[in-house]
Amino acid sequence: MTARRAPTPAGATSKLRGRFGRWRDQALALGWLVLVWNLLWGSITFANIIGGLLVGGAVLLFFPLPAVSFTGRLRLAALVAFAGRFVVELVTASLHIARIAVQPGYRPRGAIIAVPLRVPTDLNLALTAEAVSLVPGTLILEVDREAGTLYLHVLDTHGPADLDVSRERTLDLERRIVRAVGSAAELRSVGPHPVEKGNSQ
């Protein structure tokens, strides 16, 4: 009868890190779902946070998502900057849609555009698609996971210049998300902000 070999310290450490990584990914997914739930309700309250935790927990329990590895790093300053600018964009887009709704006789034109993301990971695709969908006037129609491309419908377009602006706005949103939670390699992929690039020249 052979004695059972005890796990080596390295193996135990690796197993512990893997378990911690799964818990961390689940916590990040739950936190994002709670944030989306509060944004959909239009206000962050104690009741909405509790409701978001319950709904998010149920989603993760009964509809488990594929394993998504988080290799980035949370940057609090960039996350706060993203949240602040995103709220401004929500208000601006809402006012624009409200103006269209009350303008007599005006029929806005829409268009469908494809936006290839520069960081085609599952996590970045999901975060960018969710953020784009929350902005009034834009709607995600399809996510091409293999090509890393978002297909979205944009409202009130007047020509190719407006489509270019919508693409750049989506890529800028991706850039700000990566700056908040991306890895060093992903930061290099999205490049510096256009204003920073211009200042460095």
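For the structure, see preceding data.
A brief report on the enclosed structure follows. Here the structure is a predicted model, which is why all the values come from computation and not from measurement. (Residues numbered from 1 in each chain as written. Predicted model: local features only at pLDDT ≥ 70, side-chain atom pairs only at ≥ 80, totals over all residues. Heavy atoms only, no water.)

Points about the packing of helix α4 (residues 122–134) against helix α5 (residues 160–181)
Okay, step 1: For the pair α4 and α5, the least separation of the axes is 10 Å and the interaxial angle reads 125°. As the angle between them shows, α4 and α5 are arranged oblique. Crossing hand, α4 versus α5: right-handed. Taken together, the residues of α5 that come into contact with α4 (itself represented by Asn-124, Leu-127, Thr-128, Ala-131 and Val-132) are Thr-170, Leu-173, Glu-174, Ile-177, Val-178 and Val-181.
Okay, step 2: Taken together, the residues that form the contact of α4 with α5 break down as 7 nonpolar, 3 polar and 1 charged. (Axes fitted to C-alpha atoms, helices over the stretch in contact; angles between N-to-C directions. Helix = DSSP H or I, 4+ residues; strand = E, 2+ residues; numbered from the N terminus. Parallel < 35°, antiparallel > 145°, perpendicular 65-115°, else oblique. Left-handed = near helix turned anticlockwise from the far one by under 90°. Contact = heavy atoms within 4.5 Å. Nonpolar A, V, L, I, M, F, W, Y, C, P; charged D, E, K, R; others polar.)

Quick word on α5
Okay, step 1: A rise of 1.5 Å per residue sets the reference length of α5, with its 22 residues, at 32 Å; its end C-alpha atoms lie 32 Å apart and thus fit the reference within 8%.
Okay, step 2: For α5, the set of buried residues is Ser-166, Thr-170, Leu-171, Asp-172, Leu-173, Glu-174, Arg-175, Arg-176, Ile-177, Val-178, Ala-180 and Val-181. (Expected span 1.5 Å × (residues − 1). Buried < 20%, exposed > 50% of the residue type's maximum accessible area, 1.4 Å probe, protein only.)

Here we look at the pairing of strand β2 (residues 138–144)
Okay, step 1: Bridge count for β2 against strand β3 (residues 149–155) is 6 bridges, and the pairing is antiparallel. Looking at the pairing, Leu-139 lines up with His-153 of β3.
Okay, step 2: Joining the antiparallel neighbours β2 and β3 is a turn of 4 residues, in which Gly-148 adopts a positive phi near 65°. (Pairing = 2+ DSSP bridges.)

Re unusual backbone geometry
Okay, step 1: Although it is not a glycine, Asp-156 sits at a positive phi angle of roughly 65°.
Okay, step 2: Along the chain, the position of Asp-156 falls in the loop between β3 and α5.

A look at the packing of helix α3 (residues 76–102) against α5
Okay, step 1: The contact between α3 and α5 brings their axes to 8 Å, and the two run at 150°. Relative to α5, the element α3 lies roughly antiparallel. With respect to the hand of their crossing, α3 and α5 are arranged in left-handed fashion. Here α3 contributes Ala-78, Leu-79, Phe-82, Arg-85, Phe-86 and Glu-89 to the contact with α5, which in turn contributes Asp-172, Leu-173, Arg-176, Ile-177, Arg-179 and Ala-180.
Okay, step 2: The residue inventory of the contact of α3 with α5, partitioned by class, reads 7 nonpolar, no polar and 5 charged.

Any functional reading would require information beyond the geometric quantities listed.
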